[in-house]
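# Chain and residue survey
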Amino acid sequence: MPDLKLLEDLIALARTGSFVRAAELRHVTHPAFGRRIRALEAWAGAPLVRRGQQPVALTAEGDALLKTAIQVVEQMRLVRHRVRGAGAGGEPVLRIATGRSLARTLVADWIARLRNRAPRALNGDAQVEISTGRMQDVVIMMEQNTVDMLCCYEHPAMSASLSAQRYKYITFATDKLVPVSQVDSRGNPRHQLREGGRPTPLIDYAGGLAMARILADRLETTPYALTPFMRSDSLDAALGAVAHGLGVAWLPWSMVVADCRRGALTALGGRGDEVAFEVRLYRPRVRMTEIAEAAWAATTRRIP
């Protein structure tokens, strides 16, 4: 049987349709990735890839091996995941993948409920491990079974794209992006949304951030005169920029509602300027560790 990493390489190539993109996902150079695919072909004794076309496609032999590779890799990762389901001292560990802002807000609240409210899913010595990253990174964590569950944003402009045959989800919460500005000493917005005149400085998001894709879809049709002033890969940094009066940013209402209610910030525009989105919690359809199943059961009981 070939090295497990070679089977993982074939899966990555089939999913991306690109040697370059697959090499990036596998954290190796393009030439090294090509050599590994050729090594797998040497083991199989047949060509596995139809080269010279884009996107890259597998041969019939490659498709046959791919089906087995997916089963083998998934089973091995599942076994590893279950073995790793306890900490160094034998304590049960719940492993969650999510974005940085969600980890600070919604996920932190959720973990507190699991620990402090009945039915308590985090009892005794139970531990929680949270891994954060960009959407594509946390999705890979989920697909590789290195975490139990994934909490992420969902919007038509950006989706986790996890297989419905392997994963299921609940809508954890609904939220919306709202344009906000700092309030001046007289209680008026420091910046306005205008359809003409002097452009308003925009606090925008860097391309790797989930909100960048959600907001870009909205800004394509905005009638307002906006000029990019600052781009950030952090919602917290964008909130800080708005709080210092540097411009207008579209931020999750859950992040700014307290500041708006106490008068430090103000929401601009109307409902047509808001961007609704979901927060979803994903899990594999196969049975998870006991602590993960307990956390999922406690969560679904609280969500209608």
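Residues numbered from 1 in each chain as written. Predicted model: local features only at pLDDT ≥ 70, side-chain atom pairs only at ≥ 80, totals over all residues. Heavy atoms only, no water.

## Structural notes on the packing of aromatic side chains
The relative placement of two aromatic rings is captured by the distance of their centres and the angle of their planes. Tallied over the entire structure, the rule returns 4 aromatic pairs. Note on Phe19 and Phe33: the rings are 5.9 Å apart at their centroids and 80° apart in plane angle, and the pair reads as edge-to-face. With Phe19 in helix α2 (residues 19–25) and Phe33 in helix α3 (residues 30–44), this pair connects stretches of sequence that are 14 residues apart. Just as Phe19 is buried, Phe33 falls in that class too. Over the aromatic face of Tyr169 sits the side chain of Arg280, whose NZ or CZ is 3.9 Å from the ring centroid. One Lys or Arg, Arg283, reaches over the ring of Trp296 and ends 5.4 Å from the middle of that ring. (Phe/Tyr/Trp six-rings, centres within 6.5 Å; stacked < 30°, edge-to-face > 60°. Helix = DSSP H or I, 4+ residues; strand = E, 2+ residues; numbered from the N terminus. Buried < 20%, exposed > 50% of the residue type's maximum accessible area, 1.4 Å probe, protein only. Lys NZ or Arg CZ within 6 Å of the ring centre and 35° of its normal.)

## Here we look at the layout of surface pockets
To find the voids left in a structure, one rolls a probe of water-molecule size over its atoms. Space inside the largest pocket adds up to approximately 480 Å³. Together, 19 residues line the largest pocket, and Arg15, Leu25, Val139, Ile140 and Glu143 are the ones closest to its centre. As a volume, the second largest pocket reaches approximately 260 Å³. Secondary-structure elements contributing two or more residues to the lining of the second largest pocket are α5 (100–104), α7 (135–143) and β5 (149–154). Partitioning the lining of the second largest pocket into residue classes produces 9 nonpolar, 6 polar and 3 charged. (1 Å grid on protein atoms, 1.4 Å probe; cavity = no way out; pocket = protein on both sides within 12 Å on 5 of 7 lines; lining within 4 Å. Points joined across faces, edges and corners; volume = space filled by probe spheres on them. Nonpolar A, V, L, I, M, F, W, Y, C, P; charged D, E, K, R; others polar.)

## Some thoughts on the pairing of strand β3 (residues 93–98)
The buried count for β3 comes to 6 of 6 residues, which makes it a mostly enclosed element. Judged by which residues are buried, β3 turns out to be covered on both faces: Val93, Arg95 and Ala97 on one side and Leu94, Ile96 and Thr98 on the other are all buried. Pairing of β3 with strand β4 (residues 127–132) involves 6 bridges; the strand directions are parallel. Following the sheet pairing, Arg95 is matched in β4 by Glu129. (Pairing = 2+ DSSP bridges.)

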